[in-house]
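# Report on the structure
The primary structure of each chain is shown beneath.
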Amino acid sequence: MTEPDPRGADLFGPQTRLAIDNFPATGRRLDDVPELLRAYARIKAASALANVELGAVDAARGSAIVRAAHEVAEGLHPDQFPTALVQGGGGTSTNMNVNEVIAARATQLLLSDPGAAADPTWTVHPNDHVNRSQSTNDTYPTAMALTLLELTQPAGHALEVLELALLDRARAFKDVARLGRTCLQDAVPLTVGQTHTAQAAALGRHRVDLAAAAEALTALPIGATAIGTGVGAPDGFAERAVHHLNELTGRSLTTAPDYFDALAHLDPYLSLAGAIVRPAVTMAKIAADLRLLSSGPKGGLDEVRLPVLQAGSSIMPGKVNPVIPELVMQYSYRIRGAAHTVELAVAAGELELNVMEPVVLDALVGSLSDLTVSATTFAQKCVAGLTWNRAAVDRHLQGSLERLVEDAGRLGYQHATQRAARNTP
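The written sequence of each chain sets the order in which its residues are numbered from 1. In view of the model being predicted, local features appear only for residues whose pLDDT reaches at least 70, and side-chain atom pairs are presented and counted only at 80 or more, with totals across whole chains, interfaces and linings using the full set of residues. Excluding hydrogens and water, the side-chain values take into account all heavy atoms of the structure.

### Some details on the packing of helix α6 (residues 136–172) against helix α12 (residues 357–381)
All axes are obtained by fitting lines to C-alpha atoms, using only the stretch in contact for helices, and the reported angles, taken between N-to-C directions, cover 0 to 180 degrees. To qualify as a helix, a DSSP run of H or I must reach at least 4 residues; to qualify as a strand, a run of E must reach at least 2; elements of each kind are numbered from the N terminus. It is at 8 Å that the axes of α6 and α12 come closest, and there the two elements cross at 15°. As the angle between them shows, α6 and α12 are arranged roughly parallel. For the element pair α6 and α12, the recorded crossing hand is left-handed. Partitioning the contact of α6 with α12 into residue classes produces 22 nonpolar, 4 polar and 1 charged. Here the word oblique covers every angle except those under 35 degrees (roughly parallel), over 145 (roughly antiparallel) and from 65 to 115 (roughly perpendicular). Crossings are assigned a handedness: left-handed for a near helix turned anticlockwise from the far helix by less than a right angle, right-handed for a clockwise turn. We call Asp, Glu, Lys and Arg charged. Ala, Val, Leu, Ile, Met, Phe, Trp, Tyr, Cys and Pro are nonpolar, and the rest, Gly among them, are polar.

### A look at the environment of Glu239
Here Glu239 lies in helix α8 (residues 237–249). Only protein chains enter the accessibility calculation, which uses a 1.4 Å probe. A residue is then buried if its area is under 20% of the maximum for its type, exposed if over 50%, and partly exposed in between. Taking the relative accessible area as the measure of exposure, Glu239 reaches 48% and is therefore partly exposed.

### Some thoughts on the packing of aromatic side chains
Each pair of aromatic rings taken from Phe, Tyr and Trp, with Trp reduced to its six-membered ring, is defined by centres within 6.5 Å and is described as stacked if the planes are under 30 degrees apart, edge-to-face if over 60, and tilted in the remaining cases. The full count for this structure, using the stated rule, is 1 aromatic pair. Note on Tyr40 and Tyr140: the rings are 6.4 Å apart at their centroids and 65° apart in plane angle, and the pair reads as edge-to-face. Here Tyr40, found in helix α2 (residues 34–53), pairs with Tyr140, found in helix α6; they are 100 residues apart in sequence, far enough to count as distant. Considered together, Tyr40 and Tyr140 belong to a single accessibility category, that of buried residues.

### Notes on the pairing of strand β1 (residues 177–182)
Examined bridge by bridge, β1 and strand β2 (residues 185–191) share 5 bridges and lie antiparallel to one another. Its bridge partner lying in β2, Thr182 is registered against Gln185. One requirement defines pairing of two strands: DSSP has to find at least two bridges between them. Linking β1 to β2, which pair antiparallel, is a turn of 2 residues; within it Cys183 sits at a positive phi near 55°.

Quick look at the structure:
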């Protein structure tokens, strides 16, 4: 029998309609984060498989749920998830939006094959079947973790791309000596190679920290159900569900060692926010340094020449601005603001549950996206094409205090200071 085509009809139900009415989607909606939809759908598929194995859901309904969940995970019903990402209720509306869509689609699939059910009038219920052995309390943070694990990978890759771009510039100008500065005043020389290698080292360190912070999210609270008690789930459900999630995601996921801790305390997400902030801050510092070193060209340092991308003024012909460093700096401000949002939300947990998870997820989704775009753009449109102006670098190198430092070591600091005073214009 031909399966019904659900296009043009709403698969979501009354709980989703209430959420649409109650929570204005002024920012991201559920359908704006395909990684979250994929994560939630996989949770529903894994749960259905576990429920069938444990006798909590019949095989026919379980199979239909799995098929419908796979469709959602593959992005086949993107217009069915209009729920605002930030919402009251700790994510219940998100969970019900997913439950309702999968239940409606699973019912269509079940009824399209009467031989699969004992009774052709059977339906799949969003709570009784799709949400069986689960709660928003445990599925939402599990979906959060899977979503952020997926989004952390491109962010880490983008940092590596920027790191490699800096190392390339280090090799290209490795022997060029430039004047180092402290407190924006002349200091002693270092090489351009040392400058860019140090920048790359910092980003490499942050990349490792980001991966470690994400790894802490692999211990999932699925099976905790209401407040961590596991009530309503059969024995062995958590282990079976995680087993199937590992098969569906290709990851090495485990069950959380303490469900009550996992639901009440969201500090791993605060650690992730910090691991996102650190490279953003370092990138902003590198961007600010390049912006300063490229200042001028006549009235500034003019040591670094950045790629010319666009006109810098609507009134001053020929002006070119360091637009990419400025973009990177602005992204860093937004990432730091999002981290503060995460901090406030994590601290707002009360008693057995933190219901501020939706804004935590929204902030971290945005931050990881910003970090990925910022690092990629910085690498491709700025760092990869920057050069050093040898004429300006050599001219400024005349202000080096290296000889005076050597004199101080040989003749004493006071003598070298007097010599410096005599040579000051």
